[in-house]
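Here are the chains, one letter per residue:
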Amino acid sequence: MTSPTCKLYKRPFTVCIEGNIGSGKTTFLSHFKQFDNTTVLQEPVELWRNVAGINLLELMYTDPKRYSFLFQSYVQLTMLQLHTYKSAMPYKIMERSVFSARCFIENMKRTKLLEDVEVVVLEDWYDWCIQNANIVTDLIVISYYIYINVVYLRTSPEVVYNRMKTRARKEENSVSLEYLHQLHNIHDEWLYDQTLFNLPAPVLVIDGNKSLEEMVIQFENCKNLIFNKKE
Ligand code: DCP
């Protein structure tokens, strides 16, 4: 019979890359695609753009009062699918997580885009998933084997605003600098000041304001830290 400890050994060491809209998470993921020991899971934006033919991401931005709850519910579901994705690789890198989905919900709560009762329903789902979907249990059960880490790509709102404008994703036309400031502050409260939500894992902060060449150097340092963890 396999002991629970042996089962834990077979789990991939999971890293979630977090940061504001346009902070460079996709570039970070691309860097890790070259390693054949790592499963790279990109955020399912394409799914959000085509829910049975409906672009939910676009609806959320064009009518946030009506569609924020629906959109965030679907985000939670699709993020859970990434968390529970089975992989035989020793490492798994995910773009965002159910944890950072809470940053968006928190902002929508503060700006009253979500009704109080909508927030309660989303948070109840969140709490249930955390307790039952086997996402962070390893951390809690065996504290000296850490199987999940968070990398925070900390980038100033002005920089992400310019990047977002350059990439010109059509749904994001209405995203203002003010909105990016709000999201930045919430990510900071959570991962930098570490005062907002419980931290799911140790956090590594990367300066996302740098040029691509400088970012690659930071990604390499980060890779060495991640790959050395398991040995
Ligand atoms: N989004 C949202 N609520 C979430 C997650 C994402 O409203 N819980 C929105 C914000 C963006 C789009 O989805 O408009 C994708 O955002 P991300 O920051 O997750 O991904 P990016 O592609 O912007 O990341 P990067 O540019 O850092 O690669």
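Residues numbered from 1 in each chain as written. Predicted model: local features only at pLDDT ≥ 70, side-chain atom pairs only at ≥ 80, totals over all residues. Heavy atoms only, no water.

(A) Fine view of the site of the ligand. In the vicinity of the ligand there are 22 residues, among which Thr26, Glu43, Tyr61, Arg96 and Glu172 approach most closely. One of the side-chain nitrogen or oxygen atoms of Arg96 is found 2.6 Å away from an oxygen atom of the ligand. For the ligand, whose free accessible area comes to 580 Å², the fraction covered by protein is 98%. Elements with a minimum of two residues in the shell around the ligand: α2 (25-32), α4 (56-62), α5 (64-83) and α6 (98-110). A class-by-class count of the residues in the shell around the ligand yields nine nonpolar, six polar and seven charged. (Near = heavy atom within 4 Å. Polar contact = N/O pair within 3.5 Å; in protein donor to acceptor, adjacent residues only side chain to side chain. Areas by Shrake-Rupley, 256 points an atom, 1.4 Å probe, with all protein chains shown as cover. Helix = DSSP H or I, 4+ residues; strand = E, 2+ residues; numbered from the N terminus. Nonpolar A, V, L, I, M, F, W, Y, C, P; charged D, E, K, R; others polar.)

(B) Region of the structure containing the pairing of strand β3 (residues 91-95). Judged by how many residues are buried, β3 sits mostly within the fold: five of five residues are covered. Burial of the side chains of β3 extends over both faces: Tyr91, Ile93 and Glu95 are buried on one face and Lys92 and Met94 on the other. Pairing analysis gives four bridges linking strand β2 (residues 38-41) to β3, with the strands arranged parallel. By the bridge assignment, Val40 is partnered in β3 with Ile93. (Buried < 20%, exposed > 50% of the residue type's maximum accessible area, 1.4 Å probe, protein only. Pairing = 2+ DSSP bridges.)

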